[in-house]
Amino acid sequence: MKKELFRIFNLSVSQEHHTLLSNLYLQVFSREHTGILFNSFSERNAFINFLDGCLPATEGKIYFEEHAVPYPEFNRLCFKNIAIILETSRLMDRLSVYENLFYEQLSFSWITASKYKKMANSLLEKFSLSIDVDRKVKTLTDFERIAVELIKAYSQKKKLIFLSNVASLLDPKEFEQFLKLLHELETYGITFLIGETFDIRLFQMVKSLYLVKNGQIIRILSKERINQAEIQKSLGSYSILYRKKSKQPKTAPSDTILEFRNVSDYLLHDLSFSLNHGQLLKLLCSSNQEIEHLLYLLQRNSSPAQGEILFCGKKLSSLPASSYEKSLGFIGANPRQNMIFHNMTVFYNLCILLERKTFGFWAGSCNRHGVGYAIKDLIDPSFFSMNIDSAPLEIIQKVIYGRWLLYAPDLLICINPFSIIDTALNVTTQEMLRRLTDRGIAVLIISNNWTMDTELEGETIFLPQLPDTF
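Please read all numbers here as calculations on a predicted model, not as lab measurements.

Procedures and definitions
Residues numbered from 1 in each chain as written. Predicted model: local features only at pLDDT ≥ 70, side-chain atom pairs only at ≥ 80, totals over all residues. Heavy atoms only, no water. Pairing = 2+ DSSP bridges. Helix = DSSP H or I, 4+ residues; strand = E, 2+ residues; numbered from the N terminus. Axes fitted to C-alpha atoms, helices over the stretch in contact; angles between N-to-C directions. Contact = heavy atoms within 4.5 Å. Salt bridge = Lys/Arg side-chain N within 4 Å of Asp/Glu carboxyl O. Buried < 20%, exposed > 50% of the residue type's maximum accessible area, 1.4 Å probe, protein only. Expected span 1.5 Å × (residues − 1). Arc of directions from axis to C-beta. Phe/Tyr/Trp six-rings, centres within 6.5 Å; stacked < 30°, edge-to-face > 60°. Lys NZ or Arg CZ within 6 Å of the ring centre and 35° of its normal. Core = buried A, V, L, I, M, F, W, Y, C linked by side-chain atoms within 4.5 Å.

A. The arrangement of the sheet that holds strand 10 (residues 216–222) in detail. Pairing in this open sheet of six strands is mixed, and the strands run 6-7-8-3-9-10 from one edge to the other. Edge strands, defined here as strands with exactly one partner in the open sheet, are strand 6 (82–85) and strand 10. Strand-to-strand twist in this sheet, taken as the mean axis angle between neighbours without regard to direction, amounts to 20°. On top of the sheet, helix 2 (residues 71–81) reaches strand 6 and strand 7 (160–163); it is set at about 70° to strand 6, its chief contact. Its contacts with the sheet place helix 7 (residues 228–235) against strand 3 (34–38), strand 9 (208–213) and strand 10, and it is angled at close to 155° to strand 10.

This is how it looks when you write it as structure tokens:
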């Protein structure tokens, strides 16, 4: 007979009078792993803050080991019985591995330290982990750091481990090691609650998957229904629900800006697609490593092991650097921090790229007047002389995308364009992306956020191409 470990019923979590999660239902049984997929990072973070005790429930009931508990008591039980392991470290970077495993119990006695080193070595050897216990945590690889956090949870006799967004940090070999470690830990009675925002590979371990969108559970999938297409359809994927609508008409070869032909290497498997003038294409990656690798290929810092990449019908590797750079636009992650010229005006930030396309741009007053006329319906000219650091966030977002609207590259690459903090700006971003494609600019979005597929119209390709079912 199954034993209930943890349950929340009609749970609501709010912050500053804004509801982040509402009417949430989740049930976890002992020794039966459960998945929960969040459509956005903000929802995932709200759930973590609830478990951490930072955001108390405003409504609902909480049960632990089949007993109803008030939130303060649940906090105490969480601290004792639940471990949280995320994409960012929760260990103390300046301490060694063995100190992190036992610092709650560690005395300053040399003899005691020696004893705990032996205990740490014994624990790691038990799970076939070759990690020097004297190493500082800040020197560990992602896999080693995650493994240490898992072993620490085991040594503290945690009953439930909440894992979130860790698989995307690992390469294929490390992922297999990670999966092996999880299977070993489950033999000791540990239950996993796996909460992801994109990577679905770990869901092969779960019996059921809860899907969260707009702060609510929208569907619960049983194990046999957990697959890429079912998840996309449930979350409202444009690439599934509006496939006929989004399908692009056949175009002449001259309309194709970027083409991948059977590109394969250690991360990509037979990747093929074409991107035309005025088209938007989304590549959704399961890890930051894949995002960085695609950028390396597109920036010509490396070449694929197999297959070829074409730009405007020519091999990418054969193009002169100057002509390719002039045809390419790029908006990285967190552009308000990394792609703005601070202490300069809105107008300067808007036009800075035009100098590399039109020599002597700043010398011609007619050029400046032309810019003002071209974007008068996008940014009010009264903002032009304002310092960019004083401008409203919406204006800054329009400047970041509007500069490429003026420059009109053949291809614009955007990395994770949707904000996970200022979600209201995503409406502005959607509008700017529409303007760019209406101008005939090909837009390639590279992201690891489900929201790109569910909130933004256009074709989607998932990397790696995962099996239909587990």
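B. Highlighting the pattern of salt bridges. Summed over the entire model, instances satisfying the criterion amount to 21 salt bridges. Arginine 135 is the partner of glutamate 144 in a salt bridge, and the nearest nitrogen-oxygen pair spans 3.2 Å. For glutamate 144, a relative accessible area of 14% translates into the label buried. Notably, a salt bridge pairs glutamate 308 with lysine 315, separated by 3.8 Å at the nearest N-O pair. Owing to a relative accessible area of 25%, glutamate 308 belongs among the partly exposed residues under this scheme. Connected through shared salt-bridge partners, Asp377, Glu431, Arg434, Arg435 and Asp438 make up one network.

C. Quick look at helix 6 (residues 172–186). Here helix 6 is 15 residues long and its end C-alpha atoms lie 21 Å apart, about the 21 Å a rise of 1.5 Å per residue gives. Of the positions making up helix 6, those classed as buried are Glu174, Phe175, Phe178, Leu179, Leu181, Leu182 and Leu185. Angular distribution of buried residues about the axis of helix 6 spans 160°; they occupy a single face of the element. Elements that come into contact with the buried residues of helix 6 comprise helix 5 (142–155), strand 7 and strand 8 (191–196).

D. Representation of the packing of aromatic side chains within the structure. Scanning all chains against the criterion turns up 18 aromatic pairs. Ring geometry for phenylalanine 6 against phenylalanine 74: centres 5.5 Å apart, planes inclined by 10°, an arrangement best described as stacked. Of the two residues, phenylalanine 6 is situated in strand 1 (residues 4–15) and phenylalanine 74 in helix 2; the sequence distance between them amounts to 68 residues. Connected via pairs of aromatic rings, a cluster forms that spans Phe6, Phe38, Phe47, Phe50, Tyr71, Phe74 and Phe162. The ring of phenylalanine 29 has lysine 2 sitting right over it, with the charged end atom 4.2 Å from the ring centre.

E. Geometry of helix 5. Look at helix 5: 20 Å from first C-alpha to last across 14 residues, which is about the 20 Å you get at 1.5 Å a residue. Where burial is concerned, most of helix 5 is hidden: 12 out of the 14 residues are buried. Along helix 5, the residues that are buried comprise Phe143, Glu144, Arg145, Ile146, Ala147, Val148, Glu149, Leu150, Ile151, Lys152, Ala153 and Tyr154. Just downstream of helix 5, lysine 157 is the residue with a positive phi angle, here 60°.

F. Here's a closer look at the environment of valine 148. The topology assignment puts valine 148 in helix 5. According to the relative accessible area criterion, valine 148 is buried, its value standing at 1%.

G. Main features of the nonpolar core. With 93 residues, the main nonpolar core has Leu150, Phe178, Phe192 and Ile231 as its most contacted residues. A per-element tally of this core places helix 16 (residues 393–407) first, with nine residues. Ignoring any residue separated from it by four or fewer positions in sequence, one finds phenylalanine 192 in contact with His33, Thr34, Leu150, Leu160, Ile161, Leu163, Leu182, Leu185, Glu186 and Met205. Ile36, Ile48, Leu55 and Phe64 belong to the second-largest nonpolar core, a separate cluster that totals 32 residues.

Purely geometric stuff here, so don't read any function into it on its own.
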